[in-house]
Amino acid sequence: MSVEPASFDLVVSDYNMPQASGLDLAAAMLRLRPGLPVVITSRYVTDELRERAAALGVRALLKKESSFEELPGLVHELLFTHRP
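Treat the numbers as computed from the prediction; the structure is a model and nothing was measured.

Things to note about the pairing of strand β1 (residues 11–14)
At step 1: A one-sided burial pattern is seen for β1, the buried positions being Val11 and Ser13 and the unburied ones Val12 and Asp14.
At step 2: Direction of pairing for β1 relative to strand β2 (residues 38–42): parallel, over a ladder of four bridges. Paired with Asp14 across the strands is Thr41, a residue of β2.
At step 3: In this fold, the crossover linking β1 to β2 by way of helix α1 (residues 22–32) has right-handed handedness.

Shown next, in the form of structure tokens:
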């Protein structure tokens, strides 16, 4: 199955995954489509994660325990308020 980068409006990824990190995924997606809104969730959002994510162009970090409540508003904000 082939995936077209233009078919995504937003990417939400966990930080910890078996084969790669959410930052690895973000870097790959942003190479294919600069400006794509990327959100990463993690149980532990550290200053180092914030810095690395910002350097890549990740638009937001969410703590997993609050992602269910915060994600809908964040998606709306990223898709309809902060268009590049």
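Picking up where we left off.
Here we look at the environment of Glu4
At step 1: Within the element layout of this structure, Glu4 appears in the segment before β1.
At step 2: Residues Glu4 and Arg33 lie 29 residues apart in sequence; the distance between their C-alpha atoms is 10.0 Å.

Comments concerning the side chain of Ser42
At step 1: Here Ser42 is to be found in strand β2.
At step 2: With residues near it in sequence (within four places) discarded, Ser42 still touches Asp14, Tyr15, Leu49, Leu62, Lys63 and Lys64.

Overview of the pattern of salt bridges
At step 1: On inspection of all chains with the given rule, the structure shows two salt bridges.
At step 2: The closest approach of N and O atoms between Asp14 and Lys64, which form a salt bridge, is 3.0 Å. Of the two residues, Asp14 is situated in strand β1 and Lys64 in helix α3 (residues 64–81); the sequence distance between them amounts to 50 residues.
At step 3: Assessed through its relative accessible area of 34%, Lys64 is described here as partly exposed.
At step 4: Residue Arg50 is joined to Asp47 by a salt bridge in which the shortest nitrogen-to-oxygen separation is 3.2 Å.

Quick notes on the nonpolar core
At step 1: Counting residues in each nonpolar core, the largest one holds eleven residues, listed as Val11, Leu23, Ala26, Met29, Leu30, Leu36, Val38, Ile40, Leu49, Ala53 and Val58.
At step 2: Elements with a minimum of two residues in this core: α1, β2 and α2 (47–56).
At step 3: The leading source of residues in this core is α1, at four residues.
At step 4: One finds Val39, Ala60, Leu62 and Leu74 within the second-largest nonpolar core, a separate group that totals seven residues.

Details of the sheet that holds β2
At step 1: Across the sheet, which stays open at both edges, the three strands sit in the order β1-β2-β3 with parallel pairing between neighbours. One side of each edge strand has no neighbouring strand; the edge strands of this open sheet are β1 and β3 (60–63). Across the sheet, the mean angle separating the axes of adjacent strands is 25° when strand polarity is ignored.
At step 2: α3 rests against β1, β2 and β3 of the sheet, and its axis sits at about 150° to β3.

About the thresholds
Within each chain, residue numbers correspond to sequence positions counted from 1 in written order. Selection of residues for local features in this predicted model requires a pLDDT of at least 70, selection of side-chain atom pairs for listing and counting requires 80 or more, and totals for whole chains, interfaces and linings are taken over all residues. Processing note: side-chain calculations cover all non-hydrogen atoms of the structure and skip hydrogens and water entirely. A simple rule labels every residue: compare its accessible area, found with a 1.4 Å probe on the protein chains alone, to the largest value its type can have, and call it buried under 20%, exposed over 50%, or partly exposed in between. Numbering of helices and strands starts at the N terminus; helices are DSSP runs of H or I of at least 4 residues and strands are runs of E of at least 2. The pairing criterion is simple: DSSP has to find at least two bridges between the two strands. The definition of a right-handed crossover adopted here requires that, viewed with the strands pointing away, the path from the first strand over the helix to the second runs clockwise. Throughout, a residue-residue contact means that at least one pair of heavy atoms, one from each residue, lies within 4.5 Å. Criterion for a salt bridge: a side-chain nitrogen of Lys or Arg within 4 Å of a carboxyl oxygen of Asp or Glu. Definition of nonpolar core: a set of buried residues of the types Ala, Val, Leu, Ile, Met, Phe, Trp, Tyr and Cys, connected through side-chain atoms within 4.5 Å. As a rule, the C-alpha atoms of each element are fitted with a line to give its axis, helices using only the stretch in contact, and angles between N-to-C directions run from 0 to 180 degrees.

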